[in-house]
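Chain by chain, the residues run as shown.
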Amino acid sequence: MNLSYWEYKTWLSNIDFTVVGSGIVGLNCALSLRERFPKAKILILEKGTLPEGASTKNAGFACFGSISEILADLEHHSEEEVVELVKKRWDGIQLLRKNLGDTNIDFQQHGGHELFLKSHDTLYQSCLKELKKVNQLLKPVFGEKAFQTNENSFNFKNIQENYITNRFEAQIDTGKMVSNLLKLVQKNRIGILNSIKVEGFTDNGDMLTVKTDQFEFQTKKLCIATNGFASQLLEETVKPARAQVLITKPIKNLHIKGTFHLDEGYYYFRNIDNRILFGGGRNLDFQGEQTLKFGETDLIQNQLESILKESILPSTPFEIERRWSGIMGMGNQKKPIVKQVSNNVFCGVRLGGMGIAIGSLVGKELSELL
Ligand SMILES: Cc1cc2nc3c(=O)[nH]c(=O)nc-3n(C[C@H](O)[C@H](O)[C@H](O)COP(=O)(O)OP(=O)(O)OC[C@H]3O[C@@H](n4cnc5c(N)ncnc54)[C@H](O)[C@@H]3O)c2cc1C
């Protein structure tokens, strides 16, 4: 389809900054660019009708890492690096709250609990043993002791006697977050075109030509914020990782409140609108879930249902209302890739399972490379 003179002139000429991807990173990058360049023409291109990666699909945990995750990280990173990772998440969540306001993301701090399976006694004991050390290590981030033990007040089954709770952990409404980011983008005169897939680009030195599935145009700078899909446009080691989720119908008198990590973080659940949202199980089929295709599998969905029935809601009848998946971007390191790729191309990708926590900060850092 040829674009008309008007279409081209209004939407696609004299573009200063083009952002690819309208997830939490792309939207924050565009907003930070607007702050720094009040007169610039900024365009966001998004392949989905709605953002279509992880930012509208996730579980909405505003989390910093459960105790077993932090101990596992300490096996491969120095203490300083682990403190830095946790601090980034803390700072990122504070930035998200500052940018949008707690009401606009429905921020609720009920604490985050790690549950240990009965069969994981060794892990449980070592987390209990290291509790004091981890609290001491992370005191500069949280200001006080973050982790403590709590008894199993929600009566989950097949787990160890106590949870290990981070009382600073919180939850947000992911849909509200993205919808309010989109409103801010509109308010800040940033153009956004949906259902446009960027297929490639050529950096000509002082200008770039961007090829999409519908048209070509020129831009001065390009910011790639496509996370799990990054390897389609960049030569960076980002592997897609699909994550599957289900949600129950509303449950009368649901007493469970908070965010929960189970089986070393391979499963996670929370309350939302009197329902339980439950995700995970990638470890059942790592290879199969390393895909760019959205979709649900019986293997994982059946396991989610069976854990829900046997451990989380053992004496409460429930029905499943909806199932979905999202695509994350993973690598052999937990650090995101935020860097200049060529003269006029920059990227902020590979956010792993922590994009809610660090996405606002990564978007800002990406914009500051320009
Ligand atoms: C099921 C699930 C649960 C999760 N739970 C949590 C959680 O509780 N807490 C937490 O902190 N994190 C969680 N995450 C991770 C978090 O959602 C991600 O890290 C974060 O959303 C990544 O944001 P992003 O903007 O980098 O990427 P995305 O949100 O994936 O945005 C990238 C965008 O780029 C678009 N795009 C890709 N390629 C192109 C192209 N060629 N042209 C145009 N557009 C393109 C995509 O459609 C997409 O909208 C979860 C993820 C999933 C999937």
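Structure's up top.
Residues numbered from 1 in each chain as written. Predicted model: local features only at pLDDT ≥ 70, side-chain atom pairs only at ≥ 80, totals over all residues. Heavy atoms only, no water.

Concerning the overall build of the protein
Right, so step 1: If you tally the helices and strands in the protein, you get 10 helices and 18 strands.
Right, so step 2: Here the C-alpha coordinates of the protein stretch approximately 70 × 45 × 40 Å along the principal axes.
Right, so step 3: Taking all 370 residues of the protein together, the buried fraction comes to 53%.
Right, so step 4: Restricting the contact set of the protein to residue pairs at least 6 apart, pairs at least 24 apart contribute 72%.
Right, so step 5: For the protein, the distance from the average position of its 45 positive side-chain charges to the average position of its 43 negative side-chain charges is 5 Å. (Helix = DSSP H or I, 4+ residues; strand = E, 2+ residues; numbered from the N terminus. Buried < 20%, exposed > 50% of the residue type's maximum accessible area, 1.4 Å probe, protein only. Contact = heavy atoms within 4.5 Å. Lys, Arg positive; Asp, Glu negative; His and termini not counted. Charge placed at Lys NZ, Arg CZ, Asp CG, Glu CD.)

Overview of empty space enclosed by the protein
Picture a little ball the size of a water molecule; that probe, rolled over the atoms, points out where space is still empty.
Right, so step 1: Per the counting criterion, the structure on display carries 1 cavity of 30 Å³ or more.
Right, so step 2: Counted as a void, the largest cavity has a volume near 30 Å³.
Right, so step 3: Lining the largest cavity are Ala-62, Phe-64, Trp-90, Ile-93, Gln-94, Arg-97, Phe-107, Gln-109, Phe-168 and Ala-170.
Right, so step 4: When residues of the lining of the largest cavity are assigned to their parent elements, the largest contribution, 4 residues, is made by helix 4 (residues 79-100).
Right, so step 5: For the lining of the largest cavity, the class distribution of residues is 7 nonpolar, 2 polar and 1 charged. (1 Å grid on protein atoms, 1.4 Å probe; cavity = no way out; pocket = protein on both sides within 12 Å on 5 of 7 lines; lining within 4 Å. Points joined across faces, edges and corners; volume = space filled by probe spheres on them. Nonpolar A, V, L, I, M, F, W, Y, C, P; charged D, E, K, R; others polar.)

Side note on the packing of aromatic side chains
How two aromatic rings sit relative to each other is given by the distance of their centres and the angle of their planes.
Right, so step 1: Taken as a whole and assessed by the stated rule, the structure comprises 21 aromatic pairs.
Right, so step 2: Here Phe-154 and Tyr-163 contribute two aromatic rings whose centre-to-centre distance is 6.3 Å and whose plane-to-plane angle is 10 degrees, an arrangement assigned as stacked. Taken as a pair, Phe-154 and Tyr-163 share a single burial class, namely buried.
Right, so step 3: Joined through ring pairs, the aromatic side chains of Phe-154, Phe-156, Tyr-163, Phe-260, Tyr-267, Phe-269 and Phe-278 make up one cluster.
Right, so step 4: The ring of Phe-229 has Lys-47 sitting right over it, with the charged end atom 4.0 Å from the ring centre.
Right, so step 5: The positively charged end of Arg-97 is found above the aromatic ring belonging to Phe-107, 3.9 Å away from the centroid. (Phe/Tyr/Trp six-rings, centres within 6.5 Å; stacked < 30°, edge-to-face > 60°. Lys NZ or Arg CZ within 6 Å of the ring centre and 35° of its normal.)

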